[in-house]
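# Topology and contacts: notes
Residue-level listing of the chains:
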Amino acid sequence: MSLPQPSTVVAMPAVRTADLAVVGLGAFGAAVACQAARLGLDVVGFDRYRPPHEFGSSHAETRVTRLAVGEGAHYVPFVQRSHELWREIGAATDTVLLHDHGGLIVAPAGASNDERWGAFVTDTAAVAAGTGIDFEQLTPAETRTRFPHLLIGDDETVGYEPTAGLVMAERAVAAQLDLAIASGAELHFDSTVTGLRRSGGRPVVSTSEGEIAARHVVVAAGAWAPTVHDHDRLRVTRQVVFWFEADDLERWRPDQLSFVIWARSSIEEYLGAFGSPWGGIPAVKVLGEQFVEPTTPDAVDRTVSRNEIAAFYERMVEPRLVGLTPNCVKASVCLYTNTPDDHFLIDVHPEHDDVTVVSACSGHGFKHSAAVGEAVARRAAGLDHLDLSPFGRSRF
Ligand SMILES: Cc1cc2nc3c(=O)[nH]c(=O)nc-3n(C[C@H](O)[C@H](O)[C@H](O)COP(=O)(O)OP(=O)(O)OC[C@H]3O[C@@H](n4cnc5c(N)ncnc54)[C@H](O)[C@@H]3O)c2cc1C
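Residues numbered from 1 in each chain as written. Predicted model: local features only at pLDDT ≥ 70, side-chain atom pairs only at ≥ 80, totals over all residues.

## Some thoughts on the sheet that holds strand β14 (residues 259-262)
Taken in spatial order, the eight strands line up as β6-β7-β5-β14-β15-β16-β13-β17 in an open sheet, and their pairing is mixed. Every other strand in the sheet has two partners, leaving β6 (136-138) and β17 (324-338) as the edge strands with one partner each. Taking the axes of each pair of neighbouring strands and ignoring which way they run, one obtains an average angle of 20° across the sheet. Inspection of the sheet shows strand β5 (residues 103-108) paired to strand β7 (residues 156-161) by six bridges, in the antiparallel sense. Bridged to L104 within β7 is Y160. (Pairing = 2+ DSSP bridges. Helix = DSSP H or I, 4+ residues; strand = E, 2+ residues; numbered from the N terminus. Axes fitted to C-alpha atoms, helices over the stretch in contact; angles between N-to-C directions.)

The structure is reproduced here in C-alpha cells:
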C-alpha cells in the first residue's frame, strides 16, 4: 500500500463516510470491527481475502492462551479480558472458542541461549505471583508421572497453569466477523485496500470498490503491515505447523493437557505441542520457531516438503513426545511479524494521528486479540479503555 502525500492527490472522488474503517480482518481486525460495531459505531471493514483464511497469521486451528503471561505483567489485563470475551462471543454465536483446562511450560533448569523462551518458567512464575494467578512448579519426576507421554529431563524446570488453555483460532475470527455483521458492520471480503490519503481533514482509504472517508482508521494488516507502516522495524518470518497422528488421541485432548511449550538451550530446540480439540483435525499439532530468514506474504514458500516433515519429526517430535507416529496428516505455513523487542506495536500511524496501527503481535498475539480489539474500538469511540501505552512506538 502506498502512502501518497496530500500534495500528490489531484482528484477527490465522492466517498462513503464511516466512523471507523478497518483494514485487515484477521484476529485483530475482526476483534476491532466486532467490538466497534457492538458499541454502535458505523464500521466498514476490508480484507484482501475471505477470513478466516490460510495466508496470514491467524489459522492452524488453535492458539495457546495463558493468564500468567511470562512476556510481561502488562499483558495480563488483556488476556484476562480476552478470556471473558471468548466466552461471551462463544455464547452469542453458539460456539466454543476457549478450552481452558491447563497448560504446561518447560525450560532448562540452568542457563539457556534461548533469549525468547530460556527463562520462561521463572518469568512466568514471577508474573503469576505478582498478579495472583494460580501457577504450580512441578519437579521433572512429578511431571513424568502426571504426563507420561512427555519425555521431560531431570535438568528441566516445569510450570503448570490450570487456567491456561487453547483458543480456537479460525472459529474465533469467524465468530467475531459474524457478530460484527449482526451488529451492523459492513464488511468487504476479497477487497484490498490500496491507498491511504487525507481529505477534508480525515483519513481516506482506497479500495478497488471505492473510497471511504472515516473518522478513524485501524490498520490491522498482520504480515502485510510493513508495506503500510514501520517497514524498517517489522520482520516477517515463515513458521511451519505440523499435525502428527497419535496412537492414543484421547490423552492429547485439551482436558488432559491443553498444550506444552518446551524451551531448551536454543531457539532451534523450541517445541510447542497442542491438545487435539474434539471434532477438529484428528492429530496432534506441533511446531517450532525460526527467525533466521525474513520473508514477505508474497515471497514466502507455502509448501512444506516431505523432507521438512521428516526432519522435524526426527529432531523434535520422536525424542520428546511419546505415541506420535511419523504420519503427518497436515502441515501449514503461517507468518510471524515481529518487532525488535518481540513486543506488540499498537500506536497511531507515523504520519496520521487518526489512524491506529494494530500490528506486529510477534508470535504471541492471539490470546490478547479480543481485548486489544475492544480497547482500540473503545479508544476510537472516545471511551475509557485498557492501557495500550506499553505497546507504543516511543519505546524504540
Ligand atoms: C505458527 C503460529 C503460531 C502462533 N501461536 C500463537 C499462540 O499459541 N498464542 C498466541 O497468542 N499467538 C500465537 N501466534 C500469534 C498470533 O496468531 C498472531 O499474533 C495473530 O494471529 C495476528 O493476527 P493479525 O490480525 O495481526 O494478522 P492476520 O490474521 O494475518 O490478519 C491480517 C489481515 O489483514 C489482511 N490484509 C493485509 N493487507 C490488506 C490490505 N491492503 N487490504 C485488505 N486486507 C489486508 C490479510 O488478508 C489478513 O486477513 C502464532 C502465530 C503463528 C504464525
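Having seen the structure, we can now continue with the description.
## Notes on the site of the ligand
Around the ligand lies a shell of 38 residues, among which G24, G26, G56, G222 and G365 are the nearest. For the shell around the ligand, the elements supplying multiple residues, two or more each, are α1 (27-38), β3 (62-65), β13 (235-246), β17 and α7 (366-380). Of the domains in this structure, domain 1 (6-58 + 170-231 + 341-395) and domain 2 (103-162 + 235-338) are the two that each give at least three residues to the shell around the ligand. (Near = placed C-beta within 6 Å. Domains from an automatic or database assignment.)

## Regarding helix α3 (residues 120-131)
Helix length check: α3, at twelve residues, gives a terminal C-alpha distance of 16 Å against a target of 16 Å (1.5 Å per residue), a fit within 8%. Buried within α3 we find F120, V121, D123, T124, V127 and A128. The buried residues of α3 occupy an angular sector of 165° when the element is viewed end-on, so they sit on one face. Exposed residues lying more than 90 degrees from the buried face of α3 are A129 and G130. Taken together, the buried residues of α3 touch α2 (76-93), β5 and β7. (Expected span 1.5 Å × (residues − 1). Buried ≥ 20, exposed ≤ 12 C-beta atoms within 10 Å, placed from the backbone. Arc of directions from axis to C-beta. Contact = placed C-beta atoms within 7 Å.)

## Observations regarding the domain arrangement of the chain
Taken domain by domain, the chain consists of domain 1 (6-58 + 170-231 + 341-395) and domain 2 (103-162 + 235-338). Placing the centre of domain 1 and that of domain 2 at their C-alpha centroids yields a distance of 31 Å. Grouping the constituent residues of the side of domain 1 that touches domain 2 by class yields six nonpolar, six polar and two charged. (Nonpolar A, V, L, I, M, F, W, Y, C, P; charged D, E, K, R; others polar.)

## Quick word on the confidence of the model for the chain
Summarising the model, the chain shows a mean pLDDT of 94, and 96% of its residues fall at 70 or more. Overall, residues 1-13 carries pLDDT values under 50, and its contacts beyond four positions in sequence, including any with other chains, amount to 17 contacts. (pLDDT = per-residue confidence, 0-100.)

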